[in-house]
Amino acid sequence: MNLRRDVFQAIADPTRRAILLLVASQAMTAGAIASNFDTARPTVSKHLQILTECELLEQKQNGREIHYYINAKGMKDVADFIEPFRKMWDDRFNKLETIMKNYQSKK
């Protein structure tokens, strides 16, 4: 298994998650992305390569610049995987809330 192409391995890294958050609102060049980090630009480029390989980011050439932007389909695949867990935890917290309300009303 090539770990760099695994979406969940890619988003396990905090720098890559930060890059995804940056690019979520607007397309950015590698230089613009790198300016938000205290690491060398080649390090950020490697993160961009990994995110692109696992299809969480897409590239679009505009003249000499390459802009990176979120691949909504790739992010949807992650969200679809997480959704059953979110529902499970919502149900558990709702049950806990009901128990706590009942406990407080008995006091």
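Residues numbered from 1 in each chain as written. Predicted model: local features only at pLDDT ≥ 70, side-chain atom pairs only at ≥ 80, totals over all residues. Heavy atoms only, no water.

Chemist: I'd love a proper account of the overall build of the protein, names of residues and values included.
Modeler: Within the protein, the regular secondary structure consists of five helices and three strands. Computed over its C-alpha atoms, the radius of gyration of the protein comes to 19 Å, more than 25% above the 13 Å expected for a compact globule of 107 residues. Taking the principal axes of its C-alpha atoms as reference, the protein extends roughly 70 × 30 × 25 Å. As presented, the protein carries roughly 7,900 Å² of accessible surface, and 55% of it is formed by carbon and sulfur atoms. Of the charged side chains in the protein, 17 are positive and 13 negative; the average position of the first set lies 4 Å away from that of the second. (Helix = DSSP H or I, 4+ residues; strand = E, 2+ residues; numbered from the N terminus. Rg over C-alpha atoms; globule rule 2.2 N^0.38 Å. Areas by Shrake-Rupley, 256 points an atom, 1.4 Å probe, with all protein chains shown as cover. Lys, Arg positive; Asp, Glu negative; His and termini not counted. Charge placed at Lys NZ, Arg CZ, Asp CG, Glu CD.)

Chemist: Can you tell me about the nonpolar core, naming the residues and giving the values?
Modeler: Grouped together as the largest cluster of nonpolar side chains are 20 residues, with contacts concentrated most on Ile19, Ile33, Val44, Leu48, Leu51, Leu56 and Leu57. Elements with a contribution of two residues or more to this core: α1 (7–11), α2 (14–25), α3 (30–34) and α4 (41–53). For this core, the leading source of residues is α4, giving four residues. If near-sequence neighbours (up to four positions away) are discounted, valine 44 is found in contact with Ile19, Ile33, Ala34, Phe37 and Thr39. (Core = buried A, V, L, I, M, F, W, Y, C linked by side-chain atoms within 4.5 Å. Buried < 20%, exposed > 50% of the residue type's maximum accessible area, 1.4 Å probe, protein only. Contact = heavy atoms within 4.5 Å.)

Chemist: Report on a nonpolar patch on the surface, specifying residues and quantitative values.
Modeler: A cluster of nonpolar side chains, namely Phe8, Phe81, Ile82, Phe85, Met88, Trp89, Phe93, Leu96, Met100 and Tyr103, defines an oily patch on the protein surface of about 1,000 Å² accessible area. Here the nonpolar patch takes nine residues from helix α5 (residues 72–106), the largest share from any one element. Tracing the backbone shows phenylalanine 93 in helix α5. (Patch = residues over 30% accessible without salt bridge, like charges linked within 9 Å, V, L, I, M, F, W, Y side chains within 5 Å. Salt bridge = Lys/Arg side-chain N within 4 Å of Asp/Glu carboxyl O.)

Chemist: Describe in detail unusual backbone geometry, supporting the description with residues and values.
Modeler: Backbone geometry places glutamate 55, a non-glycine residue, at a positive phi of 65°. Looking at the element boundaries, glutamate 55 is found in the loop between α4 and β2 (57–62). When its relative accessible area of 51% is taken as the criterion, glutamate 55 is described as exposed.

Chemist: An account of the pairing of β2 is needed here, citing residue identities and associated values.
Modeler: Alignment of β2 against strand β3 (residues 65–70), held across six bridges, turns out to be antiparallel. Across the sheet, glutamine 61 pairs through a bridge with isoleucine 66, a residue of β3. Counting the residues that bridge the hairpin from β2 to β3 gives two residues, and of these glycine 63 lies at a positive phi of roughly 70°. (Pairing = 2+ DSSP bridges.)

Chemist: Residues and numbers for the pattern of salt bridges, please.
Modeler: Evaluated as defined, the whole model comprises five salt bridges. Here lysine 73 makes a salt bridge to aspartate 77, at a shortest N to O gap of 3.5 Å. A residue pair is termed a helical-turn pair when its members lie 3 or 4 positions apart in one helix, as lysine 73 and aspartate 77 do in helix α5 at four residues. Since its relative accessible area comes to 58%, lysine 73 is described here as exposed. Here aspartate 77 falls in the partly exposed class, since its relative accessible area comes to 43%.

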